[in-house]
Amino acid sequence: GVLSLGRSGAVDRPDTCQRTQDPPMDFDALNPTLKPEVEKSWHGLSQSNPDLAQVLESQAHLRESLPRVWGASAFVRRVCCVNGDALDGVVDSIRPDVTSLGYGSLLTKAIENLSNQSETEQMAALRRFRRNYLMSIAWRDVAGWLTVEQVLAEVSALADALIQAAVDLAVNHFKDPFGRARSEDNTLQELVVLGMGKLGGGELNFSSDVDLVFLFPEAGETDGARSISNERYFQRVCQQILKLLDQITADGFVWRVDIRLRPFGTVGPLAMSFSAFESYLEIHGREWERYAYIKARPLTGNKEDRARILSLLSPFVYRRYLDYGVFESIRGMKHSIIQEMKSRRTANNIKLGEGGIREIEFIAQTFQLIRGGTNQRLQQRALLATLDELCQAGMISRTQLVDLTRSYLFLRRYENHLQQYNDQQTHDVPVDRTAQEALACAMNEEWDVLSHALDEHRSRVSGHFSDLVIGPSDTETDSRASDEGADGDLQLLVQEYKEGAQYRRLDKHGQRRIDALLPVVVATVQKMDEPDTAMQRIMAVFQAIGRRSSYFSLLLENRQVLERLIDLCSRSIFLTNTISEHPILLDELIDHDSPFLNLTTQDFRSSLEQRLTDEAPGDSLEYLMDALRHFQHASLFAIALRDLDGASIAKVSDQLTFLAESVVEKVLNAAWDQAVEISGIPKTQGDEGLRDTQFAVIAYGKLGGYELGYKSDLDLVFLHDSGDVNDQTTGPKVMDNGRFFARMVQRMMHFLQTPTAAGILYQVDTRLRPSGRSGLLVSTLDAFENYQASEAWTWEHQALLRARFVAGHKSLGERFETVRRGILCQPRDHEDLVKDVLDMRSKMRQESPTSAGFHLKQDVGGMTDIEFIVQFLVLQWANQYPALVEYTDNLRLLEGLAAAGVIDQAQQQELAEVYLNLRQRLHRRNLDGKGSVVPEREFARERRFVQKVWGNLLGVRV
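Along each chain, numbering runs from 1 in the same order as the chain's sequence is written. Reporting in this predicted model follows two pLDDT cut-offs: at least 70 for local features of residues, and 80 or more for side-chain atom pairs to be given and counted; totals over whole chains, interfaces and linings ignore these cut-offs and use all residues. Side-chain calculation: all heavy atoms of the structure are included, whereas hydrogens and water are not.

**Student:** Whenever I open this one, the overall build of the protein chain confuses me. Can you help?
**Tutor:** Secondary structure follows DSSP: runs of H or I at least 4 residues long count as helices, runs of E at least 2 residues long count as strands, and numbering of each begins at the N terminus. Scanning the protein chain from terminus to terminus reveals 41 helices and 16 strands. Dimensions of the protein chain, computed from the C-alpha atoms along their principal axes, are close to 120 × 80 × 65 Å. Each of the 958 residues in the protein chain was classed as buried or not, and the buried ones make up 55%. In the form shown here, the protein chain has an accessible surface area of approximately 41,000 Å², with 47% of it arising from carbon and sulfur atoms. When accessible area is computed with a 1.4 Å probe and restricted to protein chains, residues below 20% of their type maximum are described as buried, those above 50% as exposed, and intermediate ones as partly exposed. With residues, only the protein chains shown are counted as cover, and all accessible areas are computed by Shrake-Rupley using a 1.4 Å probe.

Put into structure tokens, the structure is as follows:
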């Protein structure tokens, strides 16, 4: 092992015959500035350590790469010339085909031999290991055998292994006096070391320091002869770790360690328990710490403890809502960056200066802080992976992704080679001519060309930094504006709000945001037709937002969102109420160009699965229910926005229907999985033995007829195909199939209807099942068919016209459709059918409240009359024209009636047009909360036409 290497020079000398055949080392290609020193060093090595010189010269890949590597890195050259007798094990790693080394296994084996040696010997061995393998990485990097990503990963892996070794040695150091730390229930306690910054991201640069945070699971005491508290024990262990890693000896150091990111900074304890750490994050955690902990990675500890720490950090770093409250902190950090860049100290700094590495990191981590809570794919540590996700999510453009990626790789390569020159932590462009030529040699480029390329990359990064990272608020100047120019009513509304308890409860930052917003709102609403209405609704939204001032930050930061909010409030009380109930929907106002009226059910399914992947990790029922609700609310709101812009009612209803189908399907799958986990799979006897019982969800009403509205209930019927009452599940908790499906449907209803903090999904109406409220919640298909054939009323067959399969086993859905067609196509007595339809319509009219004006749905000549006309005609003629029952929506049923010749084309077109116009009018009024009644004069001609058709078909008017 390398840690135990001596000073004997163990390299085997090749025989003389082989030596004479090796080509001599060629330094002629080197820049004249570098060549003399490299040749001098090679001559010295040949004299002082001819064995190593012979090995380096006799192997083609080493001989050919050495001039450039030694010219580029005085560090590599020095290690070879000064410490060459300790390189026997490392030389074997310097090959083009070596891209990754198992540092952990090398160190683990070596530590076994070091555990009983002196502290001085341990420190020397760790330092030699770091020096020798860092030299190997530098050689392979300069030779061009490693990519930038591989170099960063190799340096990070080397640091990981050495930190783990230091932890193991420190724990062993205190074993005799103190033993090991134990919890109160005697569980062994292990130290968890968090790697922060570039180490946490697996992107450590060549001569970086390492940012560490030390944590331990629980309070307790050690189990040794001298028992001390876990707090004191881990304090001592951490002090020993720092000594092993950071103390400078004759062999240098292992890694410079920065522990200032720990809780409470330099005044905080070296090590903190998990519970104290969690409390710190909740009470004292600041925005910059959220930024820092994005890259936090547990380097040590058992699997369970590492996972526990990450679970504590996740809700602190990534908020489950769109986090615009962080804007001010980000702006403050950006301001600090800009101020630092203006100083001469950072002008030539490729990390901290303008267009440097930090700006690229800041771009990525800003989006992660703001969006990471709602998009789990952004919860990455690696910068390049984060940029890819940002592009896929549409947050940065493809051009920005390509530019930032190329510049990042260039700058990180430049940074590594800069530090490889002398193993120094520097980021400044060199001014010394020799250092410049060494860097140019490493980058395989002329210095002038390299300097020009650096300037171009930094300029490109600086431009994207300005474009992508938030700047001064768009409404900053408006904060000095006044609402004194507002009319009296608007002034009164503003005054009432500012005098209210909610405004007074806001902190000074929240009040400042409101004070900046109100003049902009007043100035905007004054230009509208109904300014008082708009202002009242905006104030209602502000009241609903309450103390969650991050939403006020969003409105301040994005004028387009604010204007869009004011516009929708002025035009729709439904959207106003929706956004008041779910302020998270403000995010939907940002991306207003999504194709939300051209999606299919499959599109919604895919989008939902992505949302669940992002928001509902694991098997948590609470997370799943909330994620479903967030998806449904956001989708419905997005549809309504496009509706408000003038989309057709048919298009809107299709989208609402497809959305509901995707949600019902997901809810069914979740309820099925939970039920099966408890009771096993329901089985029934088939032709070839036991088979899985099938289940289907049947949609009636508006969902079945593709006419769903924003607040429509879901009319659902549930069917299965068990063949015997004794059929049962496979266990572990065995039950008969009827009970299994009843409980599963109850679970579905719970998913859909139970209010959570995110609201509900849909109200469900199951009264259309066989025998209504008195019938079973779930029926077999056979029982359903028997009921429809022998007991169902005509109105139930009218309802069956709009019934269709929406979720479950497709084959059972197909069998249901066969039953449905058979029932609907049976012959009917004309007089009985007329009587039943008139009786049902009369009953509905009696149950509807009377109103002054025209009720778009229930009054004579309204939507329900047209629906009854269609249903009567289809039931009357389906026996003769079975194709009439193929569709479930009124418009295509009308088309089918015209195609069969039951009504003429002109009549079909006018009925369809009247129906669509009535629906569109009702829909618009619902959006603005104005109800279903319009003035009596509206639709007078259309109503007369519908009444005429009704009279011709049914003979009387109810």
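**Student:** I keep staring at helix H15 (residues 303–317) and nothing clicks. Help me out?
**Tutor:** Since there are 3.6 residues in each turn of an α-helix, residues three or four apart along the chain are aligned in direction. A helix's residues, less one, multiplied by 1.5 Å, set its expected span. Helix length check: H15, at 15 residues, gives a terminal C-alpha distance of 21 Å against a target of 21 Å (1.5 Å per residue), a fit within 8%. Of the positions making up H15, those classed as buried are Asp 305, Ile 309, Leu 312, Leu 313, Phe 316 and Val 317. The buried residues of H15 occupy an angular sector of 125° when projected down its axis, which confines them to one face. Residues of H15 that are exposed and angled more than 90 degrees away from the buried face: Lys 303, Glu 304 and Pro 315. The contact criterion used is simple: two residues touch if any of their non-hydrogen atoms lie within 4.5 Å. For H15, the elements touching its buried residues are strand S2 (192–195), strand S3 (210–216), helix H13 (274–283), helix H14 (287–293) and helix H17 (357–371). Its side-chain oxygen 3.2 Å from the backbone nitrogen of Glu 304, Asn 302 forms the N-cap of H15. Each direction from the helix axis to a C-beta atom contributes to the arc, which is the arc of those directions. Under this definition, polar contacts are N or O atom pairs within 3.5 Å; protein pairs additionally need one hydrogen-donor-capable and one acceptor-capable atom, and for neighbouring residues in sequence, both atoms have to be side-chain atoms.

**Student:** Can you help me understand the nonpolar core in this one?
**Tutor:** In summary, soluble globular proteins display a tendency toward joint burial of nonpolar side chains. Here the nonpolar core consists of buried residues drawn from Ala, Val, Leu, Ile, Met, Phe, Trp, Tyr and Cys, with membership extended through side-chain atoms lying within 4.5 Å. Formed by 93 residues in total, the largest nonpolar core has its most connected members in Phe 542, Leu 565, Phe 695 and Val 697. With 86 residues, the next largest nonpolar core counts Ile 94, Tyr 133, Val 193 and Ala 271 among its residues.

**Student:** Quick question: what am I supposed to make of the pattern of salt bridges here?
**Tutor:** Two side chains that carry opposite charge are able to pair once their charged atoms sit near each other. When a carboxyl oxygen of Asp or Glu lies within 4 Å of a side-chain nitrogen of Lys or Arg, that pair is called a salt bridge. Throughout the structure, instances matching the rule amount to 37 salt bridges. The partner of Asp 423 in a salt bridge is Arg 130, and the shortest N-O contact between them spans 2.8 Å. Of this pair, Asp 423 sits in the loop between helix H19 (398–420) and helix H20 (433–443) while Arg 130 sits in helix H8 (residues 119–142), and the two are 293 residues apart along the sequence. Judged by its relative accessible area of 5%, Arg 130 is buried. Each of Arg 537, Asp 928 and Lys 930 takes part in a single network of salt bridges with overlapping partners.

**Student:** Any chance you could explain the packing of helix H2 (residues 35–48) against helix H5 (residues 74–82) here in plain terms?
**Tutor:** Between two packed helices, both the angle of their axes relative to each other and the distance between the axes serve to describe the pair. Here, axes are lines fitted to C-alpha atoms. For helices the fit covers the stretch in contact, and angles between N-to-C directions go from 0 to 180 degrees. Taken N-terminus to C-terminus, the directions of H2 and H5 make an angle of 20°; their axes are 9 Å apart at the nearest point. Comparing the axis directions of H2 and H5 gives the class roughly parallel. Handedness of the crossing formed by H2 with H5: left-handed. Mapping the contact onto sequence places Glu 37, Val 38, Ser 41 and Leu 45 in H2 and Arg 77, Cys 80 and Cys 81 in H5. When its residues are assigned to classes, the contact of H2 with H5 shows four nonpolar, one polar and two charged. Geometric relationships in this document are graded by angle, where less than 35 degrees denotes roughly parallel, more than 145 denotes roughly antiparallel, 65 to 115 denotes roughly perpendicular, and other angles denote oblique. Left-handed describes a crossing whose near helix is turned anticlockwise from the far helix through less than a right angle; right-handed describes the clockwise counterpart. Put simply, Ala, Val, Leu, Ile, Met, Phe, Trp, Tyr, Cys and Pro go in the nonpolar bin, Asp, Glu, Lys and Arg in the charged bin, and everything else, Gly too, in the polar bin.

**Student:** Quick question: what am I supposed to make of the state of the cysteines here?
**Tutor:** Here, the word disulfide means a covalent bond between the sulfur atoms of two cysteines. Cysteine sulfur atoms that come within 2.5 Å of each other are treated as a disulfide pair. Per the stated rule, a full pass over the model turns up zero disulfides. For the unlinked cysteine Cys 80, the closest cysteine sulfur is that of Cys 81, found at 6.4 Å. Taking relative accessible area as the criterion, Cys 80 reaches 2% and is therefore assigned buried.

**Student:** What should I look at first to understand a negative patch on the surface in this one?
**Tutor:** A surface patch of negative charge is lined by Glu 184, Asp 185, Glu 218 and Glu 221. Here Glu 221 shows up in strand S4 (residues 220–222). Judged by relative accessible area, Glu 221 falls into the exposed class, the value being 52%. Patch membership requires more than 30% relative accessible area and the absence of a salt bridge. Residues of like charge join within 9 Å; the nonpolar side chains Val, Leu, Ile, Met, Phe, Trp and Tyr join within 5 Å. Counted as positive: Lys and Arg. Counted as negative: Asp and Glu, with His and the chain ends omitted from the count. Working definition for charges: the position is that of NZ of Lys, CZ of Arg, CG of Asp or CD of Glu.

**Student:** What is the right way to look at empty space enclosed by the protein in this model?
**Tutor:** To find the voids left in a structure, one rolls a probe of water-molecule size over its atoms. Cavity means a closed set of points on a 1 Å grid over the protein atoms alone, one where a 1.4 Å probe fits but cannot get out, pocket means an open set with protein on both sides within 12 Å along at least 5 of 7 lines, and lining means a residue has an atom within 4 Å of a point. Grid points are joined across faces, edges and corners, and a volume is the space filled by probe spheres set on the points. Tallied over the full model, the rule gives one cavity of 30 Å³ or more. Of the voids in this model, the largest cavity is the one considered here, and its volume is about 30 Å³. Taken together, Gln 632, Leu 636, Leu 656, Leu 659, Leu 708, Gly 709, Tyr 710 and Tyr 762 form the lining of the largest cavity. The set of elements that each furnish at least two residues to the lining of the largest cavity consists of helix H30 (621–644) and helix H31 (649–679).

**Student:** Quick question: what am I supposed to make of the confidence of the model for the protein chain here?
**Tutor:** One rule of thumb: low pLDDT means the predicted coordinates there are not for detailed reading. A residue-level look at the protein chain finds 91% of positions with pLDDT of 70 or above and a mean pLDDT of 87. Across residues 1–20, confidence stays below pLDDT 50; counting only partners more than four residues off in sequence or on other chains, it has 32 contacts. Residue-level confidence of the predictor is what pLDDT reports, using numbers from 0 through 100. In the model, residues 472–483 has pLDDT below 50 throughout and makes 21 contacts with residues more than four positions away in sequence or in other chains.

**Student:** Is there a simple way to think about the environment of Arg 924 in this case?
**Tutor:** Position of Arg 924 among the secondary structure elements: in helix H40 (residues 905–927). Put simply, Arg 924 and Ile 649 are 275 residues apart on the chain and 9.1 Å apart in space, counted from C-alpha to C-alpha. With sequence-adjacent residues up to four places away left out, Arg 924 is seen in contact with Asp 643, Leu 644, Gly 646 and Ala 647.

**Student:** I would appreciate a short explanation of the packing of aromatic side chains in the present structure.
**Tutor:** The way to describe two aromatic rings as a pair is by their centre distance and the angle between their planes. Stacked, tilted and edge-to-face pairs are distinguished by plane angle, under 30 degrees for stacked and over 60 for edge-to-face with tilted covering the rest, among Phe, Tyr and Trp rings (Trp via its six-membered ring) whose centres lie within 6.5 Å. Summed over the entire model, instances satisfying the criterion amount to 23 aromatic pairs. Look at Tyr 233 and Phe 234: their rings are 5.0 Å apart centre to centre, the planes differ by 75°, and that puts the pair in the edge-to-face class. Judged by relative accessible area, which is 1%, Tyr 233 ranks as buried. Taking the relative accessible area as the measure of exposure, Phe 234 reaches 2% and is therefore buried. Seen from their ring centres, Tyr 291 and Phe 362 are 5.5 Å apart, and the 45° between their planes marks the pair as tilted.

**Student:** Is there a simple way to think about the side chain of Thr 578 in this case?
**Tutor:** Residue placement: Thr 578 occurs in helix H28 (residues 573–581). Accessibility expressed as a relative area gives 11% for Thr 578, which makes it buried.

**Student:** How do you make sense of the packing of helix H39 (residues 890–899) against H40 when you look at a structure like this?
**Tutor:** Where H39 meets H40, the axes come as close as 9 Å, and the angle between the chain directions of the two elements is 170°. By the angle between their axes, H39 is roughly antiparallel relative to H40. Taking contact as the criterion, the partners of Asn 890, Leu 891, Leu 894, Glu 895 and Ala 898 in H39 are, on H40, Gln 905, Gln 908, Leu 911, Ala 912, Tyr 915 and Leu 916. Considered class by class, the residues forming the contact of H39 with H40 number seven nonpolar, three polar and one charged.

**Student:** It is not clear to me how unusual backbone geometry should be interpreted in this structure. Could you clarify?
**Tutor:** Glycine aside, residues mostly have negative phi angles, and peptide bonds mostly take the trans form. Note the cis peptide between Gly 731 and Pro 732, where omega equals 20°. Even without a glycine there, the phi angle at Asn 186 is positive, about 75°. Looking at the secondary structure, you find Asn 186 in the loop between strand S1 (181–183) and S2. Note on Asn 186: relative accessible area 52%, which makes it exposed.

**Student:** So what exactly am I meant to see when it comes to helix H25 (residues 531–545) here?
**Tutor:** Between its first and last C-alpha atoms H25 spans 21 Å; for 15 residues at 1.5 Å apiece the expected length is 21 Å, and the two agree. Burial in H25 covers these residues: Pro 531, Ala 534, Met 535, Arg 537, Ile 538, Met 539, Val 541, Phe 542 and Ile 545.

**Student:** What am I meant to see in the pairing of strand S9 (residues 689–692) here?
**Tutor:** Note on strand geometry: in a regular strand, side chains alternate between the two faces of the sheet. Two strands qualify as a pair provided that DSSP identifies no fewer than 2 bridges between them. Summarising the sheet, strand S8 (residues 683–686) and S9 pair through four bridges and their orientation is antiparallel. The partner of Gly 686 across the bridge, within S9, is Gly 689. Counted between consecutive antiparallel strands, the loop separating S8 from S9 contains two residues.

**Student:** I keep staring at the environment of Gln 632 and nothing clicks. Help me out?
**Tutor:** Mapping Gln 632 onto the fold places it in helix H30. For Gln 632, a relative accessible area of 4% gives the class buried. Taking the C-alpha atoms as reference points, Gln 632 and Ala 438, separated by 194 residues in sequence, lie 59 Å from one another. When near neighbours in sequence (up to four residues on either side) are disregarded, Gln 632 contacts Leu 659, Val 663, Ile 760, Leu 761 and Tyr 762. A polar contact of 2.9 Å, which involves the side chain of Gln 632, links it to the side chain of His 633.

**Student:** Where do I start with the environment of Leu 585 in this structure?
**Tutor:** Tracing the chain through its elements places Leu 585 in the loop between H28 and helix H29 (601–615). For Leu 585, a relative accessible area of 1% gives the class buried. Along the chain, Leu 585 and Ala 638 lie 53 residues apart, while their C-alpha atoms are 8.8 Å from each other. Not counting the four nearest positions on each side in its chain, Leu 585 is found in contact with Thr 578, Ile 579, His 633, Ala 634 and Phe 637.

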